[in-house]
Every structure is written in structure tokens, then in C-alpha cells.
Amino acid sequence: MAENWRQAYLRALPGVDVVLAAARRAGGERFPHQLLVGAVQEIIGSLRRQILQAASREELDEFNSTPEAVAERALARLQQLRQPSLQRVINATGTVLHTNLGRARLAEAAKEAMQRAAGYCNLEMDLPSGKRGLRHAHVERLLTALTGAEAACVVNNNAAAVLLALNTLAAGKKVIVSRGELVEIGGSFRIPEVMAAGGARLVEVGTTNKTHYADYEQAVDEETALLLKVHTSNYRVVGYTAAVEVEELVELGRSVGLPVMEDLGSGLLVDLSAFGLEREPLVAERIATGVDVLTLSGDKLLGGPQAGIILGKRAFLERIKKNQLLRALRPDKITLAALEATLQIYLFGDPLREIPVLAMLTMPKDTLKRRAERLAAALHERAPDSLTVAVWEDYSFVGGGAMPLTRLPTFVVALRHKKMPQAEWVRKLRTGTPSLIGRVQDDWLLLDPRTIEVAEEEVVVACLT
Ligand SMILES: *Cc1c(COP(=O)(O)O)cnc(C)c1O
């Protein structure tokens, strides 16, 4: 038999009707009845579990099961459900492709295109003829014009692009990959696992640091369907290393009659090395090597929406487009609209100015300094009693698993709260409206103007004062 104190707590739990009456007195009428009943039942259930699981009476010291308290928790839960879960965040971390904050910030033209496509649109209708159209057609010509590829196809993300391409080209067959390229990206994308999901058999060649042409050559047999190269986006093997370039793999592929695919990851369309960034392979350069299939992300360095882009030779793309899996991986109209608008900027606009990711990555140091000083001055003026404000030189990062070695010189606003403990203050900013997220370093909260929009600066000041 349960202890007396436990029994007493259980007996004191209010009934659903009593709590519902209390909830109605507290404004519960604004929620649908069934939702309110469900929330009240859940809260009572969790209180019951808490009583049953308590190891001692002391654990229940703060326990409050009055009808009013239970009603208040149920109403708070429903109120939260009514709020948008996806909220605007001010990214002051200086990490441009922050995966947890939605990777690329989209261009204005992309946002407008998403609005336009949100209602009915000609997603799969050729308007002049009135006949069935193809959803890829909206971006295929832009992609081939930009990269020199013969054909293109778009899916939901690059993981899906790799899966679809492997499944089409190598299901039930062997795929040869260098051991140094069996990467894990973003915690869940692992080449061996994607390969297995696509039904292909992985053949690893070489060692972690060195793989030679002959390693690939010797591994080829009748069951081989594909030679695969994977861009090691988020790490680098340095020192005593050797890798086979995609050009050489293409040569081997030609001589043994096998297609070659490269998973490029980020997909950079314009050279940024003049701005102090690592030299990344450009998409057009990779296509020019003669590689048969190339895959990349839409929301990394390309600066567009989450998407996977498959480029390559027409014959292979025809097969990929006929794969039934594509039906499960195809992008929606909103993605295609944003991608189209982003690609049009590359072809007809000024990408370094109009694509936020590129503008942020190439922001001049004196601009960053001026913006950090302006923000610091505003904070110092508005909150001299609560904030200690300084401006420092520091570094921003590319993020998104791209260019891991690149540290971009920047200026940050360094802040300390004079009254509130740091953890509490940082949490308050993070859960505010809008949410403000900076970089915590020792006792300081750093705000990097690189990833803050100019128009957001006033909002940042308001969040902090
Ligand atoms: C980022 C990355 C992926 C995964 O791309 P998603 O668009 O996030 O699915 C796959 N391969 C490489 C090499 C990458 O860099």
C-alpha cells in the first residue's frame, strides 16, 4: 500500500470539471472546449505521475494542485500552442550559415517570389498551351545557363539529391568511394548510410589520409556502377595527404566505362577568394571537368532555400527524373519560387549585393567596424547603468559545414550586464520577442554586425535596453 502522504496528495488532485470551471473563470472560453478538456486532463495526468514518482514527501514541497493553479497551467499551454512556433530570430552570432537558425537568409526577391507562389500558380501547367508542364522546368534552364550543365533537377535537400542519384545509378551495385571522404555532415548525413538507403553497396578505397588513382582502378569490377567523390565540406585532412581529383576520376570513368558523380555539398557559384575566403570549387568549374552527375545544396553558399540540386549529363538526368523516388523527394512551389528568384539574381543581378549570404560573407571590414561602433554608441547612450559596452576585433564563421578553415575578421560589440547573471540575461534575450542570439565568450556576450541586418540594429538596441 502506498504511503499515507502519497495517498493524501492523490486524493487532493482536483477533478476535471472543477478545473474546467476555474479555467472558464480565468478566460478559458476563448479556446475550443475539447482542446481545453484535453489540456486539463494532461496537466492532471502529469501531476499524478509526479506524485507517484516522487521518492519522498520533500520532493512535493512546491506541489500546487489547486483548481486555479491547474487551470492556469492548462491555459498557458494552449496559449503557447496558439503562438507561432517558428519565430523570427536576430542572428548576432556572426555565423552566416547557421544551421540551427535556418541556414541562408533569403534575398528580398526570393521572399517576394514565395509570396507570389503561395496561392495558385503554374507549378505544373504550361500556360501558353494549357497542357501539363514540368515542375523542374521553372529552374532547369537557369541552372544549366549558370553552370554549363546539360540538364538539372531539384529535390528537397542535398541529402535527397545524393540518395536519388545513387539509387538511380547504382541500386544493387557497387559504388567506389575514398575512405577519406566518408563524411558525416550536420549530425545526420553520413555517406555510408545514405548509400545503404539508396540500395547501393559501398566499396571503400585508400586510407583516411591517402587515396591514389590505382586504388580506384584496382577496385573496379563487373559489379561496379559508379565512382563517387564527396567534398569534405566540414573538415580537412592536412599534412601527409593525397586525394584523386575529380578530373582523374573522370578519366578513369571514361576508360572503364563508368559514370562519375561528385557530391559537392555547398555549391559556390561565384569566386569569393578575393575576399579572404578559402578557395572552394565553383560549380561551373566542376561541370567543366566532365563529371557526369553533380549534387549540391540550395541553402548553403548558394544562398537560396533548402533544396538539393542535381546537375549533369542529359542521359543520366533523364534516368534520375524517371525514378519513382523523385515523386517522394520533389520540392514544393514555395521552394521552387525562391530558388528561381535566387538564381535569376546570379544571372541578371548583382549577387554580392542582393544575395544576403554573399553580401554578409564579403562585407568590408571598415563597414563592420562602423556598424559595431554605431551599435555600441547607441547601447552606451541608452543603457549606461545596466550595460558595459566595448568594441573588439574578432572573427566570424561561414557555418553550414562550409569552409571550416575560414575565419573572417570582424568587429563585435562586447556586452556585460551589470546587474543580471549572464546565463539569465542571455536566456531572456533568446526568449524575447524578437529573439536575439549572440555569441557567449567567457563573461561577455558578443554581437557580430555581420549577420545583423542594418534595419535590425534599432531592434537589437530595443531588445537590450
Ligand atoms: C551539406 C552537405 C550535404 C547535406 O546537404 P543538405 O542540403 O543539408 O541535405 C551532403 N553532402 C555534403 C558534401 C555537404 O556538404
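Report on the accompanying structure. Just so you know, these numbers come straight off a predicted model, no measurement behind them.

The next point concerns the nonpolar core. Among soluble globular proteins, nonpolar side chains are generally buried collectively. In terms of nonpolar packing, the biggest core is built from 62 residues, with L143, L301, L302, L311, L343, L361 and V398 touching the most fellow members. Split by domain, this core shows at least three residues from each of two domains, domain 2 (89–97 + 362–464) and domain 3 (108–354). Residue contacts for V398: discarding those within four places in its chain leaves T95, V96, L97, L277, L301, L361, M403, T406 and L408. Formed by 33 residues, the second largest nonpolar core is a distinct cluster that contains A170, M261, L326 and L329.

Moving on, we get to the sheet that holds strand β2 (residues 95–97). Read from one edge of the open sheet, five strands run β2-β14-β15-β18-β17, paired in mixed fashion. Strands at the two margins of the open sheet, each flanked by one partner only, are β2 and β17 (439–441). On average, adjacent strands in this sheet sit at an angle of 40° to one another, irrespective of strand direction. Where β2 and strand β14 (residues 387–399) come together, two bridges link them in parallel fashion. In the sheet register, L97 faces β14, and the bridge partner there is G399.

What describes two packed helices is the angle between their axes and the distance between those same axes. Where helix α5 (residues 108–117) contacts helix α14 (residues 333–348), the axes come no closer than 8 Å and their chain directions differ by 145°. Once α5 is placed against α14, the crossing between them reads as right-handed. Here α5 contributes A109, A110, A113, M114 and A117 to the contact with α14, which in turn contributes K333, I334, A337, A338, A341, T342 and I345. For the contact of α5 with α14, a count of residues per class yields 10 nonpolar, one polar and one charged.

On to the packing of aromatic side chains, then. All told, the structure shown has two aromatic pairs when counted by the stated rule. Arranged with centres 5.2 Å apart and planes meeting at 65°, the rings of W392 and W444 form a pair that is edge-to-face. You can see W392 sitting in strand β14 and its partner W444 sitting in strand β18 (residues 444–447), a full 52 residues away along the chain. Judged by relative accessible area, which is 28%, W392 ranks as partly exposed. Judged by its relative accessible area of 16%, W444 is buried. The ring of Y395 carries the charged tip of R407 above its face, separated from the ring centre by 3.8 Å.

Rules used throughout
- Residue positions are counted from 1 within each chain, in the order its sequence is given.
- Local features in a predicted model are, by the rule used here, given only for residues with pLDDT of at least 70; side-chain atom pairs are given and counted only at 80 or more, and totals for whole chains, interfaces and linings are based on all residues.
- With hydrogens and water stripped out, all remaining heavy atoms of the structure feed into the side-chain values.
- The set of buried Ala, Val, Leu, Ile, Met, Phe, Trp, Tyr and Cys residues whose side-chain atoms join them within 4.5 Å is what this entry labels a nonpolar core.
- Only protein chains enter the calculation, and the probe is 1.4 Å; a residue is then buried if its accessible area is under 20% of its type maximum, exposed if over 50%, and partly exposed in between.
- Each domain's limits were defined by an automated method or a database of domain assignments.
- We call two residues contacting when some pair of their heavy atoms lies within 4.5 Å.
- Note on pairing: two strands pair once DSSP finds at least 2 bridges between them.
- Helix numbers and strand numbers start at the N terminus; a helix is a DSSP run of H or I with at least 4 residues, a strand a run of E with at least 2.
- Each axis is a line fitted through C-alpha atoms, taken for helices only over the stretch in contact, and angles between the N-to-C directions span 0 to 180 degrees.
- Two helices that cross are described as forming a left-handed crossing if the nearer one is turned anticlockwise from the farther one by less than a right angle, and a right-handed crossing if clockwise.
- For this classification, Asp, Glu, Lys and Arg are treated as charged, while Ala, Val, Leu, Ile, Met, Phe, Trp, Tyr, Cys and Pro are nonpolar and the rest, including Gly, are polar.
- Only Phe, Tyr and Trp rings take part, Trp by its six-membered ring, and two of them pair if their centres are within 6.5 Å. Stacked means planes under 30 degrees apart, edge-to-face means over 60, and tilted covers everything else.
- Placement of a charge over a ring requires the Lys NZ or Arg CZ to be within 6 Å of the ring centre, with the centre-to-atom vector within 35 degrees of the ring normal.

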